[in-house]
Amino acid sequence: MTARTIGQASIAKVEELCAAGFKPNRMFPRFNQEAFDAHKHWMVPEHVEAGSDRLVGSLHTWIVRTPRHTILIDTCLGNHKTRSAPAWNNLDTPFLERLRAAGVPPESVDMVMCTHLHVDHVGWNTKLENGRWVPTFPNARYLFARKEYAHWEDERRHKTGEEVNGGSFDDSVLPVVEARQAVFVDIDHQPDSLLTIRDAPGHTPGSITIHLADGGQEAVFSGDIMHHPIQVYYPEWSSQFCWDQDMSARSRRQVLEHCAEHRSLLCPAHFPGANAGYIHRERDAFRIEWDRR
Ligand SMILES: [Zn+2]
């Protein structure tokens, strides 16, 4: 894969896992079989498992390098963490070796950004060291959207650690705050002259999109505003994991409209294969043109 560039910045990706997961009728409460079947010809096998129809999903971290900073966007599941889902429990993947192979040793990371604080976006924020969870990236500032953090902090007041995002608030977010490496940011914050943060609520109350712009080009890191490319074609299909189905659908449509209008590269958190693409309007929805660099 050749490096993707946006002006003076580059974008790369490190994968933690890629596997078939939920069936679409379970993933999308507004699922319609006929509508899904109309797109199977291009989705199987890269995006939909042959035979089972299970949706293929990737867990990856985006690496953004600007002239000033090395930034990680979303940090997957992490190693050695106790999770209720068997496929996510007590992982031992060579994620950090892959990150090093991509030219990013942990100490070189300047910023970690999470599009939201679900369990599969915060995992590598911390690692286990002498029985304690400590920040994996010792020199990084970890940027959390203030509204998103406040929501989960409030949940944690009323629930046990395991009940809040599968235990990840306690083992992957709070240790970063305790180590004083967390920075709480508001919408429209610019952590780098090439990066801006936008509000995109619905999947979670404080979900954000991260926009990288330079030289007339733009990439949009959209987190879980979409989980699967079928949602480009049916933006009203919010996932069962969305906090507010209608609000999530509105944010999804806004992000897709923005990308279509500005010719932005859409970089979601879970699309397998090419991982990213350009969005075009098609009738009352959209289509994706994969960026196979
Ligand atoms: Zn996710």
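Residues numbered from 1 in each chain as written. Predicted model: local features only at pLDDT ≥ 70, side-chain atom pairs only at ≥ 80, totals over all residues. Heavy atoms only, no water.

Going by an unreviewed UniProt entry, the protein carries the name MBL fold metallo-hydrolase and comes from Vineibacter terrae. In its Sequence similarities (unreviewed entry) section, the UniProt entry covering the protein states "Belongs to the metallo-beta-lactamase superfamily." (UniProt positions renumbered as here; feature names shortened; annotations may be inferred.)

A few words now on the environment of Val48. With respect to the element layout, Val48 can be found in the loop between helix H3 (40-43) and strand S3 (56-65). In this structure Val48 comes out as buried when scored by relative accessible area, which is 0%. Taking C-alpha positions, Val48 is 9.9 Å from Pro272, a pair spaced 224 residues apart along the chain. When residues no more than four places from it in sequence are discounted, the contact partners of Val48 are Phe36, Met43, Asp53, Arg54, Leu55, Val56 and His228. (Helix = DSSP H or I, 4+ residues; strand = E, 2+ residues; numbered from the N terminus. Buried < 20%, exposed > 50% of the residue type's maximum accessible area, 1.4 Å probe, protein only. Contact = heavy atoms within 4.5 Å.)

A word on the coordination of the zinc ion. Distances from the zinc ion to its protein donors, namely Asp120 (OD), His121 (NE2), Asp224 (OD) and His270 (NE2), fall within the range 2.1 to 2.2 Å. With four donor atoms in place around the zinc ion and angles of 88 to 156° between them, the coordination shape is irregular. (Donors = N, O, S within 2.8 Å, 3.2 Å for Na, K, Ca; no water. Tetrahedral: all angles 85-135°; square planar, octahedral: opposite > 155°, others 65-115°.)

Under the feature "domain: Metallo-beta-lactamase" (unreviewed entry), the UniProt entry names residues 58-270. Helix makes up 25% of residues 58-270 and strand 26%, and the two end C-alpha atoms of the span are 5 Å apart.

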